[in-house]
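Observations on chain architecture
One-letter residues, chain by chain:
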Amino acid sequence: MAMRNNIEGKVVVITGASSGLGEAAARLLSAEGAIVVLGARRADRIQALAGELTKRGGKAAAIVTDVTQCDQVQKLVDAAVQAYGRIDVIINNAGLMPQSLLESLKIDEWDRMIDVNIKGVLYGIAAALPYMQRQKAGHIINVSSVAGHKVGPGSSVYAATKYAVRALSEGLRQEVKPYNIRTTVISPGAVATELPNTITDAPVGERIKNFYADVAIPADSFARAVVFAMSQPDDVDVNEILFRPTRQEI
Ligand SMILES: NC(=O)c1ccc[n+]([C@@H]2O[C@H](COP(=O)([O-])OP(=O)(O)OC[C@H]3O[C@@H](n4cnc5c(N)ncnc54)[C@H](OP(=O)(O)O)[C@@H]3O)[C@@H](O)[C@H]2O)c1
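To keep things clear, this report deals only with the structure shown in the data block. (Residues numbered from 1 in each chain as written. Predicted model: local features only at pLDDT ≥ 70, side-chain atom pairs only at ≥ 80, totals over all residues. Heavy atoms only, no water.)

**Some details on the packing of helix α1 (residues 20-31) against helix α7 (residues 220-230)**
Geometrically, a packed helix pair is captured by the angle between its two axes and the distance between the axes. To keep things clear, this is the line we draw: Axis definition: a line fitted to C-alpha atoms, limited for helices to the stretch in contact. Angles are taken between N-to-C directions and run from 0 to 180 degrees. Elements are defined by DSSP. Helices are runs of H or I of four residues or more, strands are runs of E of two residues or more, and each kind is numbered from the N terminus. We call two directions roughly parallel when the angle between them is under 35 degrees, roughly antiparallel when it is over 145, roughly perpendicular when it lies between 65 and 115, and oblique otherwise. Helix crossings fall into two classes, left-handed where the near helix is turned counterclockwise from the far one by less than a right angle and right-handed where it is turned clockwise. By the convention used here, residues are in contact when the closest approach between their heavy atoms is within 4.5 Å. For this classification, Asp, Glu, Lys and Arg are treated as charged, while Ala, Val, Leu, Ile, Met, Phe, Trp, Tyr, Cys and Pro are nonpolar and the rest, including Gly, are polar.
Interhelical geometry of α1 versus α7 gives an angle of 55° and a closest axis separation of 8 Å. One finds that α1 runs oblique with respect to α7. Crossing hand, α1 versus α7: right-handed. The residues of α7 that touch α1, namely those facing L21, A24, A25, L28 and L29, are D220, F222, A223, R224, V226, V227 and M230. In terms of residue class, the contact of α1 with α7 is made up of ten nonpolar, no polar and two charged.

Shown next, in the form of structure tokens:
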């Protein structure tokens, strides 16, 4: 398939497309000519975004999806294939970051992060991989974090989920060699999104919100990293991208 920038005409499924990094990726990829299929729980947000991108001449669809439900992720990917004939890229981006000290025993939040940040990514892989194997082409992009490389107090469980994303992405990378599938892990530093709003621990939340107010960069930084990885020639597999605000130390 000859495509401008290796992006035009590609069918890209994005989870967590209702805000932040997912929304920014959807906007830039649509501007570059990709067909975007948006998944998230907030129907109003993804429908409005799909409507806006369509109005601008793009092709976009919105499918309400909770990534903790395997069958819903499967339906998201199936819908993309039914509507557009294939799936070229899945961006497993949905995630949350309710940081707290382990001693606070916010066990429901630990469960939630494991369900969304790890299992959600696995469900995305499970849904897309069989299609990509048959196509003998595809690209799986998983979102980790600087927290997938560094752990600090308050970030133990979040970091564990993001280390997990890197581990399973590396295993995936090696396993999909026979199928001509590319795999990319993107690990952002502080990017201005709604992510800190998921923190319920007041002191931790305040510290992180101040830190973000101080250093965070716009979500378009992530979108450009996605475009960089996708737009390489098919025989070039960009496996890892780690980026931070220039001002961010750790
Ligand atoms: N911002 C940063 O500094 C930063 C740094 C490193 C990594 N990341 C990672 O980037 C990813 C995106 O986060 P963001 O910064 O863009 O934050 P955000 O603005 O809060 O966006 C999170 C997205 O995830 C979706 N989501 C959450 N739970 C979901 C579920 N159960 N099912 C489906 N979608 C769900 C949300 O949609 P709904 O609520 O509508 O479902 C939303 O679209 C996350 O994996 C995060 O860990 C962010």
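There's more to say after this.
**As for the pattern of salt bridges**
Between side chains of opposite charge, pairing is possible as soon as their charged atoms come close. The line we're drawing: A carboxyl oxygen of Asp or Glu within 4 Å of a side-chain nitrogen of Lys or Arg is what we treat as a salt bridge.
Under the definition given, this model contains twelve salt bridges. One salt bridge connects R224 with D220, and the closest N-O pair in it is separated by 2.7 Å. Here the residue R224 and the residue D220 both occupy positions in helix α7, the gap between them amounting to four residues, near one helical turn.

**With respect to the environment of A79**
Note the following rule: A simple rule labels every residue: compare its accessible area, found with a 1.4 Å probe on the protein chains alone, to the largest value its type can have, and call it buried under 20%, exposed over 50%, or partly exposed in between.
Along the chain, the position of A79 falls in helix α3 (residues 70-84). By relative accessible area, which is 22% here, A79 ends up partly exposed. Here the alpha-carbon distance between A79 and L28, two residues 51 residues apart in the chain, equals 22 Å.

**Some details on the site of the ligand**
Using the following cut-off: The rule for a residue being near a molecule or strand is that one of its heavy atoms must lie within 4 Å of it. What qualifies as a polar contact is a pair of N or O atoms within 3.5 Å, subject to a donor-acceptor requirement within protein and to the restriction that residues adjacent in sequence count only when both atoms come from side chains. Calculation of accessible area relied on Shrake-Rupley with a 1.4 Å probe; when residues are assessed, cover is drawn exclusively from the protein chains displayed.
With respect to spatial proximity, 31 residues lie near the ligand, and among them S18, L21, R41, Y158 and T193 are the closest. The side chain of Y158 places a nitrogen or oxygen atom 2.6 Å from an oxygen atom of the ligand. Here G189 contributes a backbone N or O atom positioned 3.2 Å from an oxygen atom of the ligand. Summarising the interface, the protein chains cover 96% of the accessible area of the ligand, which totals 870 Å² for the free molecule. Among the elements of the structure, α1, α4 (107-135) and α5 (156-175) are those that each provide at least two residues to the shell around the ligand. Its residues assigned to classes, the shell around the ligand shows 13 nonpolar, twelve polar and six charged.

Purely geometric numbers; function is a separate question.
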